[in-house]
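Spelled out, the chains give:
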Amino acid sequence: MSTSIQYPINEIFESIQGEGSYTGVPSIFIRLQGCPVGCPWCDTKHTWQVDDTDVIPIVELREKSADATTHARMSVTELLDEYDTRGYQAKHVVITGGEPAMYDLVPLTEALLAKGLSVQVETSGTFTLRCTDDTFVTVSPKINMPGKYQILPQVMARANEIKHAIAMQKHVDELKALLAQSTISSNTLIYIQPISQQARATELAVATCIKENWRLSLQTHKFIGIE
Ligand code: SF4
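What counts as what
- Residues numbered from 1 in each chain as written.
- Predicted model: local features only at pLDDT ≥ 70, side-chain atom pairs only at ≥ 80, totals over all residues.
- Heavy atoms only, no water.
- Near = heavy atom within 4 Å.
- 1 Å grid on protein atoms, 1.4 Å probe; cavity = no way out; pocket = protein on both sides within 12 Å on 5 of 7 lines; lining within 4 Å.
- Sits in = over half its atoms within 2 Å of the grid points.
- Nonpolar A, V, L, I, M, F, W, Y, C, P; charged D, E, K, R; others polar.
- Salt bridge = Lys/Arg side-chain N within 4 Å of Asp/Glu carboxyl O.
- Helix = DSSP H or I, 4+ residues; strand = E, 2+ residues; numbered from the N terminus.
- Buried < 20%, exposed > 50% of the residue type's maximum accessible area, 1.4 Å probe, protein only.
- Contact = heavy atoms within 4.5 Å.
- Pairing = 2+ DSSP bridges.
- Axes fitted to C-alpha atoms, helices over the stretch in contact; angles between N-to-C directions.
- Points joined across faces, edges and corners; volume = space filled by probe spheres on them.

### Concerning the site of the ligand
Next, step 1: Taken together, the residues surrounding the ligand are Cys35, Val37, Gly38, Cys39, Cys42, Thr44, Trp48, Gly98, Ser124 and Lys142.
Next, step 2: For the ligand, the cavity whose grid points lie within 2 Å of the majority of its atoms is the largest pocket.
Next, step 3: Looking at the shell around the ligand residue by residue, the class counts come to five nonpolar, four polar and one charged.

Here is the structure:
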């Protein structure tokens with residue numbers, strides 16, 4: 001296993017997974033810095049740029065503001081040490097971003113699983129995904145975004161769940177077109193998630209789930225005011 005990789009880490013925190021299949025599960029979130037996809041409604045725009053001038057020591061990561069562009073460079077060993085140092089209790093780890101699939105996640109997912117933790121990766125589907133076979137993969141396909149990245153068939157085929165954020169019918173239609181041209185597992189769950197808890201988006205999401213027999217994902221953490 002290569003452990004030389006240094007991941008740019010925007011933040012690490014313990015909370016409850018608020019979305020998708022793992023909703024309600026206590027989780028450690030590892031947020032990686034970097035994303036070129038450019039979704040206009042992105043709520044983590046501070047993770048987009050990876051700038052060397054924003055690198056901070058690991059100890060400062062614990063105190064930094066959640067929406068700051070600063071990030072620490074951390075090895076797999078340092079990430080595992082951080083879990084212990086902070087006294088985390090959650091047994092599920094969510095690797096998110098930014099776009100975590102920009103990086104080789106095999107060493108990190110291997111190490112977390114070897115530690116006895118379950119691991120989930122959240123990706124936009126626009127980068128070749130490198131992680132262990134036992135990693136639970138959430139693909140939140142970002143279709144026709146300003147960065148002009150394509151959703152990769154390899155990532156759609158690997159998805160354990162597909163979670164699509166919608167605000168209007170156009171977004172539902174985009175997902176249906178993507179699914180029609182993709183090969184996905186018969187076990188893959190499909191979730192529709194209204195963007196930013198908008199009332200009209202929620203209404204459309206409910207109606208779409210009933211019509212298509214898909215599942216509704218709500219950002220439950222936002223309803224109770226936690227990260
Ligand atoms: S892929 Fe995710 S992190 Fe990147 S711009 Fe879109 S919502 Fe934001």
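### Examining the pattern of salt bridges
Next, step 1: This model, assessed by the stated rule, comprises eight salt bridges.
Next, step 2: Of the charged contacts in the structure, one is a salt bridge between Glu82 and Arg62, with a shortest N-O distance of 2.7 Å. Taken together, the residues Glu82 in helix α2 (residues 76-85) and Arg62 in the loop between α1 (58-61) and β3 (72-74) connect sequence positions 20 residues apart.
Next, step 3: Judged by its relative accessible area of 3%, Glu82 falls in the buried class.
Next, step 4: Judged by relative accessible area, Arg62 falls into the partly exposed class, the value being 36%.

### Quick notes on the environment of Arg73
Next, step 1: Summarising the element assignment, Arg73 is placed in strand β3.
Next, step 2: Along the primary structure Arg73 and Glu60 are separated by 13 residues, whereas in three dimensions their C-alpha atoms are 12 Å apart.
Next, step 3: The residues contacting Arg73, other than those within four sequence positions of it, are Gln6, Tyr7, Pro8, Val50, Asp52, Val55, Ile58 and Glu78.

### Some remarks on the sheet that holds strand β4 (residues 92-96)
Next, step 1: Read across the sheet, nine strands follow the order β3-β1-β2-β4-β5-β6-β7-β8-β9 without closing on themselves; strand pairing throughout is mixed. The sheet terminates laterally at β3 and β9 (215-216), the two strands that pair on one side only.
Next, step 2: Sheet analysis places strand β1 (residues 7-16) next to strand β2 (residues 26-32), joined by seven bridges and oriented antiparallel. Note that in β2 the partner of Ile16 across the bridge is Pro26.
Next, step 3: Along the sheet, helix α3 (residues 106-114) contacts β1, β2, β4 and β5 (118-123); its crossing angle with β5, the most-contacted strand, is approximately 150 degrees.

### So, the layout of surface pockets
Next, step 1: There is about 900 Å³ of room inside the largest pocket.
Next, step 2: If you trace the largest pocket, you find 43 residues lining it, with Glu19, Arg31, Asp43, Thr44 and Gly97 closest to the centre.
Next, step 3: Of the residues in the lining of the largest pocket, the class split is 15 nonpolar, 17 polar and eleven charged.
Next, step 4: Split by residue class, the lining of the second largest pocket holds six nonpolar, three polar and two charged.

### Here's the deal with empty space enclosed by the protein
Next, step 1: Evaluation of the coordinates by the stated rule reveals two cavities of 30 Å³ or more.
Next, step 2: Space inside the largest cavity adds up to approximately 70 Å³.
Next, step 3: Taken together, Trp41, Pro141, Lys142, Ile143, Met145, His164, Ala165, His171 and Glu174 make up the full set of residues lining the largest cavity.
Next, step 4: Elements supplying a minimum of two residues to the lining of the largest cavity: β7 (161-166) and α5 (169-180).
Next, step 5: A class-by-class count of the residues in the lining of the largest cavity yields five nonpolar, two polar and two charged.
Next, step 6: Taken together, Ile12, Ile28, Ile30, Leu79, Leu80, Tyr83, Tyr88, Val93 and Leu112 form the lining of the second largest cavity.
Next, step 7: Only β2 and α2 provide two or more residues apiece to the lining of the second largest cavity.
Next, step 8: Residue contributions to the lining of the second largest cavity peak at three residues, all from α2.
Next, step 9: Of the residues belonging to the lining of the second largest cavity, the class tally is nine nonpolar, no polar and no charged.

### Concerning unusual backbone geometry
Next, step 1: In this structure, Gly98 follows Gly97 across a cis peptide bond, with omega equal to 10 degrees.
Next, step 2: Along the chain, Gly98 turns up in the loop between β4 and α3.
Next, step 3: The residue Asn144 is not glycine, and still its phi comes out positive at about 55 degrees.
Next, step 4: By the secondary structure assignment, Asn144 is in the loop between β6 (136-139) and α4 (153-158).
Next, step 5: Look at Lys148: it is not a glycine, yet its phi comes out positive at around 60 degrees.
Next, step 6: In this fold, Lys148 is placed in the loop between β6 and α4.
Next, step 7: We classify Lys148 as exposed; its relative accessible area is 71%.

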